[in-house]
Every structure is written in C-alpha cells, then in structure tokens.
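# Observations on the model geometry
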Amino acid sequence: MQLTERDQEIVQYIEAGRDRFIADLKEWLAIPSVSGDPAYATEVRRSAGWLADYLRGQGFPTVEIWDTPGLPAVYAEWPAADPSAPTVLVYGHHDVQPVEPLSEWDTAPFEPVEKDGRLIGRGASDDKGQVFFHTLGIRAALAASGADAPPVTVKLLVEGEEESGSVHFAGLLRDRRDRLGCDAIVISDTTMWAADVPSMCTGMRGLTEAEVTLRGPSSDLHSGSFGGAVPNPLHAMATLMAALHDADGRVTLPGFYDDVVPLTDEERALFAKLPFDEAEWLRTAGGSRAAYGEKGYTTLERVWARPTAEINGMWGGHTGPGGKTIVPREAHAKISFRLVAVQDPAKVQQAFRDWVAANTPYGVEAEVHVPGGGVRPCFSPIDSPGVTAARRAMERAFGREVLFTREGGSGPEADLADVLDAPLIFVAVGLDDDRIHAPNEKVEVSLLLKGAETAAYLWEELAAALR
C-alpha cells in the first residue's frame, strides 16, 4: 500500500520522536501502579499524576484526575476545531498486575529496559504502552496537517482499577456521563493475532458464575445400612452436571442460546484466514489431547464467539486417605458461564437456578449461590462505520489486510458501551506472547510505533465515517 505524502510525514514524525517516546514511557513504567495491593495505592495515584502532567505537556487543553472511592482515573480532552465534528473516547488503564514471582523476572519489573527491539517491564503491553501510543499518534497527525486541533474531539479515559476488577468504574461512568458523551469508544487494551498478521478484536465474552449445593440426609450415613436405599447427593450432582451439555456439546439450559448473536458468513471466513495451528494450540492448552466443544464450530469460533458452561470444581463426601464407606450428606459444584453478545448474566443466572430446581431428584434439596452480577459481553459488528474506519487506518499503517479476532476474556468494555450508549472499536497492537500478567512482560517497540501511526490516521478516518 503506497503512502501519501501526508502519511509519509506522519511516519517521519513518529520515527524522529521514537527515542523520546520510549524514554518517557520508561519513566511511566517505572511507577509500580499495582492496583490489587493496597500497599501500592500511593503509587497508583502517583501514576495518575504523572500521566496527567504528561498529557498537559503534550498539548491537551483539558486534563483532570478523577477520584473514585478507590483509585483515580485520568481524563483528558482535546476539542476539534469544528464544534460539529464527532467525538471519540479512548479507553485504557494505568494500573498494572502484581509482579510475583520476582525470581522469574530476568530484569527488575519496574526498571524497564529495551532489548532486541522489545521494551520489558510490568505494564509495557498491558496497558501503559498501548495507552501511550495515542499520545505520539495525535502529535504526529497534528504535525503533518499543520492543525492546532484534531479532526474529531478526542477524549481519553485512563482507569486506575482495571487490574483489580474495575470495582468503581461503572459508577464513575454514570457520575461523569455528561463529560464522557461520545460517538464511538476506542479500546486499546487487547491484542493482535501476530506481529505479521495485524488484526482487530470485535468482541469479548462475558462471565457469570454459580455454586450448587445438594443436600440429602442430615449426616453422613453407613453405606452398608443405607446405600442404595436413600438418595446420594454425590450421585445426584454427577447426574446433574452430566446433563448440563447434550451429545453435541450444547448447553441444555432452556433459552440459553436465545440471545446469542450468530456469526456471519463473512466473520467465519475471516476467522478461517487466520494461520491457526490446532496442534500447536493444543500444546499451549496444557498438552490437551484433543479439541472439544459445541458441534458445528471451529476451535476459534468456540473460544471467541460461542457461549460455554464449565464445571470448575466438584466435591463432597470423603476425600482423604483410605476408604470411608458412606452416603455423604451433601455435594458441591462450581460452574462458570462464558457469555457472548447479547446474553445477559442475570438472565443466565435465573435460567440456571430454574434448571437446577427442575432437574434435582426428589429427596435432595438444592441451593444455588451466585456471587455478584457477572460481566456482560461486548461486541462490535465488523461492518459498522467505526470498525470499518479503524480497519482502514490500521491497514494504512501496516500496509496489509487487517483480519478480525475476538477474545475469550472479560473486561469493563460492556459498561462503557452501555452507560455511554456508544459503539466500541478495538485498536490495539499487543501480542499474546507479550506475557501480560506474567514475569518478563514485554511489548514490541515496532508495534507501538505502528500503533501510533494507526492512531494518527484514525482521527481523520473516524471524522469522515461518524458524521
């Protein structure tokens, strides 16, 4: 793909600013903003202050630190010259995961180093590096255009509690909704397929969990005197859990698939273009011996775009050394459901309660406990104006076709889309082998620069697409 003269100026600006960009990012990465450990709360606040100062220095006219009952977020805004131009909100987070075990790090996690084209340190990929490329991108776009303001109003919202569950994030969104109004939300907290296979995520699965307890007799019973004559809660649990899927691997809860947005033929074709090696993937899956799941779908489709029910644990009765011939008084199981658009966690929770009640045998009492409200899935149609525009921007930067993926994990993106009533656009350059959440987290410097280039093109593409 041939670059225009203006695109070449953007690339030259980014290349010229590379060393300063990396030096500044290293300074931010050196702040140990671990949100999950209260001992680091001061450092998370220091990280927010550092970012706010940096954004002011980059030219953002409005920069604020937004306190929450927990840890602070950073908000910045750069209005477009044209007051009728679209508004785009960029979401990321400045908090990071804990670093233990320290013994497995090759370098100090909060003393970032650049080596062999990689920047190594906690937060390099998740998510400080990916937040940071937007700052270089917006400066490059302005330098190439000679303008004082971007073609869209750009807002940044950089959270401080994502790695500890975004406990106060939905409340922050509701409280600040009047300031956060936008026409689209750009998420830069995901990954691409590979460095040489650029891709965009178009959805993340949601999550809800449950614990089931089945109770029979008031105490454990002698299996010689009572076995085979009274209900056994463990037998009942085994039967119940086995009935959670049918012979085709489909979840048997009534109505479970009613709200699932089906894959389009185009999405399935684009997934199929990805260079997926199932044998290698099985090796990364703990040496699993076979792929398994819902009939009629590929492994990638199952992981990204189909809902699941998993038995996470099952126990009861005697589990210690030696035998103990009993009919146990109770049995337990933990179950998790990964959800896809537009399934509602509360609706699935109720469907599971009803299913357990309908399938528990006479003489056994069932209790279902649901911890919390769950996480909703999120989804971006690949033919939406925003996704189409972002794909063009990414293809300009990478010079090749951009494919699509989804992610099996969960995050606060659904809250953003729901509270702000705006579509999501995923633009990110992390890789699955960046070791996020693990020792020796890294990011490819070349991809951060491609991220900056993508961001530079993104604003003009969105300005045209969202009007």
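Residues numbered from 1 in each chain as written. Predicted model: local features only at pLDDT ≥ 70, side-chain atom pairs only at ≥ 80, totals over all residues. Heavy atoms only, no water.

- If you check an unreviewed UniProt entry, the protein appears there as Dipeptidase from Actinomadura nitritigenes.

### Overview of the sheet that holds strand 4 (residues 113–115)
- Ordered by their spatial adjacency, three strands build an open sheet running 4-5-20, and the pairing between neighbours is antiparallel. Only two strands of the sheet have a single partner each, and these edge strands are strand 4 and strand 20 (442–444). Strand-to-strand twist of the sheet, defined as the mean angle between neighbouring strand axes without regard to direction, takes the value 25°.
- Across three bridges, the pairing between strand 5 (residues 118–120) and strand 20 is antiparallel. Residue pairing for strand 20: Arg-118 is matched across the bridge by Glu-444.
- Lying on the sheet, helix 15 (residues 445–465) is in contact with strand 4, strand 5 and strand 20; it crosses strand 20 at an angle near 60°. (Pairing = 2+ DSSP bridges. Helix = DSSP H or I, 4+ residues; strand = E, 2+ residues; numbered from the N terminus. Axes fitted to C-alpha atoms, helices over the stretch in contact; angles between N-to-C directions. Contact = heavy atoms within 4.5 Å.)

### Quick notes on the sheet that holds strand 1 (residues 62–66)
- Strand order in this open sheet of six strands is 1-2-6-3-7-18, and the pairing throughout is mixed. Strands with a single pairing partner mark the edges of an open sheet, and in this sheet they are strand 1 and strand 18 (424–426). Sheet twist, expressed as the average angle between the axes of neighbouring strands with direction ignored, equals 20°.
- Bridging between strand 2 (residues 73–78) and strand 6 (residues 153–159) involves five bridges; their strand directions are antiparallel. In the strand pairing of strand 6, Val-74 is matched with Val-158.
- Contacts from helix 3 (residues 41–57) reach strand 1, strand 2 and strand 6 within the one sheet, and its direction differs from that of strand 1 by about 175°.
- With respect to the sheet, helix 4 (residues 128–145) is in contact with strand 2, strand 3 (87–93), strand 6 and strand 7 (184–187), its orientation differing from that of strand 3 by roughly 145°.

### Structural notes on the packing of aromatic side chains
- Under the counting rule described, the total for this entry stands at 17 aromatic pairs.
- Between the aromatic rings of Trp-193 and Phe-276, the centroid separation amounts to 6.4 Å while the plane-to-plane angle is 70°, which identifies the pairing as edge-to-face. Remark: Phe-276 occurs in the loop between helix 9 (265–273) and helix 10 (278–284) and Trp-193 occurs in the loop between strand 8 (191–192) and strand 9 (199–204); sequence separation between them is 83 residues.
- Here Trp-193 and Trp-304 contribute two aromatic rings whose centre-to-centre distance is 6.0 Å and whose plane-to-plane angle is 90°, an arrangement assigned as edge-to-face. With a gap of 111 residues between them, Trp-193 in the loop between strand 8 and strand 9 and Trp-304 in helix 11 (residues 299–305) connect regions that are remote in the sequence.
- Residue Trp-304 is classed as buried on the basis of its relative accessible area of 9%.
- What links up through ring pairs into an aromatic cluster is the set Phe-21, Trp-28, Trp-50, Tyr-54 and Phe-132.
- Its end group placed over the ring of Tyr-257, Arg-250 keeps NZ or CZ at 3.9 Å from the ring centre.
- Note that Arg-396 overlies the ring of Tyr-457, its terminal NZ or CZ placed 4.1 Å from the centroid. (Phe/Tyr/Trp six-rings, centres within 6.5 Å; stacked < 30°, edge-to-face > 60°. Buried < 20%, exposed > 50% of the residue type's maximum accessible area, 1.4 Å probe, protein only. Lys NZ or Arg CZ within 6 Å of the ring centre and 35° of its normal.)

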